[in-house]
Each structure stands twice: as C-alpha cells, then as structure tokens.
Amino acid sequence: EKVFTKAGTYTINTTVFDNDGAQSPASDPCRLTFEVTQKKLFWNVGAGLGVYGGSSALYGFLRAGLFAWVTPDKWSFTLTGGGGMPFKGDPWKFVFTADALINGHFQDFFVGTGVGVSSATQPKDENHKFGLDIPVQFGFKVFDHWTNFGQLFFEFRMPVGRSFDHNYKTGIGFRFLF
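Description of the structure in this document.

Side chains that carry opposite charge are capable of pairing whenever their charged atoms lie near each other. Across all of its chains, the model carries 7 salt bridges by this definition. Across the pair Glu 155 and Arg 63 runs a salt bridge whose closest N-O atoms are separated by 2.7 Å. Residue Glu 155 is located in strand β9 (residues 149-159), and its partner Arg 63 is located in strand β4 (residues 58-71); the two are separated by 92 residues in the primary sequence. Taken individually, Glu 155 and Arg 63 each receive the classification buried, so the pair is uniform in this respect. When the shortest N-O distance is used, the salt bridge between Asp 144 and Lys 141 registers 2.8 Å. Classification of Lys 141 by relative accessible area gives buried; the value is 13%. One connected set of salt bridges, linked through shared partners, spans Arg 63, Asp 99, Asp 133, Glu 155, Arg 157 and Arg 162.

Laid out in structure tokens, this is it:
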C-alpha cells in the first residue's frame with residue numbers, strides 16, 4: 001500500500017519473476033500511470049472569541065460551513081454561518097453572522113474578503129440593526145494533513161450602511177477543515 005500526499009502524475013512499473021528466476025519485460029501491461037488529485041471540498045467548523053461594536057461584552061462564536069479550493073494552494077472560497085453568544089447578560093443578545101469569502105493563500109498564510117451579514121448586539125434601534133458587512137480575515141495554517149487541516153484566523157467585519165461604532169465586529173478563532 002502506498003499513500004500519496006502530493007497531487008501529481010505517478011507511474012508504477014512492475015516486474016514479475018517466476019520460481020526459476022525468469023523476469024518479465026518492462027512492457028505496457030506491467031506499467032500503470034495514474035493521476036493523484038488534491039481534495040478540493042472541505043467541511044469546516046470554527047470557534048473563537050470576539051469583541052462586537054456597541055458592546056463591552058466579550059462574545060464566544062461558533063460557525064460551520066464549506067471551504068473549496070478554486071485553485072489548490074492559491075485561491076479558495078469559504079461559506080460559513082453561525083452564532084455568537086455574549087458572556088454578559090442584558091442588554092447584549094445572541095448574534096448571527098454569515099459570510100462568503102474569497103481567500104488568497106501564500107504558503108501557510110492566507111487573507112480573504114467578501115460579503116457577510118450580521119445581526120445586532122442589542123435590541124433593534126437606530127444604532128443596532130441586522131445588515132450587510134464587509135468581512136476581512138487573515139491567518140495561517142496550524143497543521144496540514146492533506147485531507148484535513150487547521151487554521152488560526154483573525155477577523156474584522158465592517159458594517160455597510162449602519163453605525164460603525166455600534167455594529168463592527170472583530171475576533172480571533174480556530175477553524176478545523178475536514
């Protein structure tokens with residue numbers, strides 16, 4: 001059994017010996033060429049801590065989604081969604097976030113941006129609203145086992161058309177992709 005950990009084209013040549021030591025020629029029936037491709041679609045689960053605008057409360061967040069290589073080891077697409085729970089009580093409330101990001105990868109480092117949505121950290125009023133965000137993430141791989149890997153990431157979410165001071169979100173988290 002052979003485990004391949006890099007994408008590429010591989011050729012295996014087989015030589016057969018009989019009991020008398022006669023050897024088969026290296027002909028086409030004894031040669032196999034095949035291509036190993038990299039896994040391109042991953043599920044992901046991430047968790048972390050965040051500070052959300054308009055609050056002095058620390059939040060814990062949990063998200064799940066999909067990660068897809070557009071161009072392996074260079075460009076990827078991430079689609080995630082989940083919730084954040086404040087570690088303080090009233091008036092802070094549960095927050096929902098979701099985003100779609102395009103990421104550029106530079107060896108173990110990555111940076112990405114896209115479009116997202118998030119709910120308000122306090123009851124809805126003029127300053128606290130559900131709306132669009134422009135999320136930016138950057139981070140690096142912590143480990144890579146080819147069929148699964150882990151990332152440490154930093155995130156900043158800028159609200160669009162809403163009060164910046166009451167609706168920005170920032171955080172740090174760990175994401176497991178499998």
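Having seen the structure, we can now continue with the description.
What follows concerns the side chain of Arg 63. Look at Arg 63 and you get buried, because its relative accessible area is 6%. At 3.1 Å, the side chain of Arg 63 forms a polar contact with the side chain of Thr 97. A distance of 2.7 Å separates the side chain of Arg 63 from the side chain of Glu 155, its partner in a polar contact. When sequence neighbours within four positions are dropped, the list of residues in contact with Arg 63 reads Asn 44, Val 45, Gly 46, Thr 80, Gly 81, Gly 82, Thr 97, Asp 99, Gln 137, Phe 153, Glu 155 and Arg 157.

Here Asp 73 lies in the loop between β4 and β5 (75-86). Sequence spacing of Asp 73 and Asp 108 is 35 residues, and the spatial spacing of their C-alpha atoms is 9.0 Å.

Cut-off values and rules
Counting of residues starts from 1 at the beginning of each chain's written sequence and follows it residue by residue. The model is predicted, so local features are restricted to residues of pLDDT at least 70 and side-chain atom pairs to those at 80 or more, both for listing and for counting; the totals for chains, interfaces and linings are taken over all residues. Each side-chain value is worked out from all heavy atoms of the structure, with water and hydrogens disregarded. Salt bridge, as used here: a side-chain nitrogen of Lys or Arg that lies within 4 Å of a carboxyl oxygen of Asp or Glu. Helix and strand assignments follow DSSP, with helices taken as H or I runs no shorter than four residues and strands as E runs no shorter than two, numbered in order from the N terminus. Each residue is placed in one exposure class: buried if its accessible area under a 1.4 Å probe, protein chains only, is under 20% of its type's maximum, exposed if it is over 50%, and partly exposed if it falls in between. We define a polar contact as two N or O atoms separated by no more than 3.5 Å, with the added condition that, inside protein, one atom must be a possible hydrogen donor and the other a possible acceptor, whereas residues neighbouring each other in sequence contribute only through side-chain atom pairs. Throughout, a residue-residue contact means that at least one pair of heavy atoms, one from each residue, lies within 4.5 Å.

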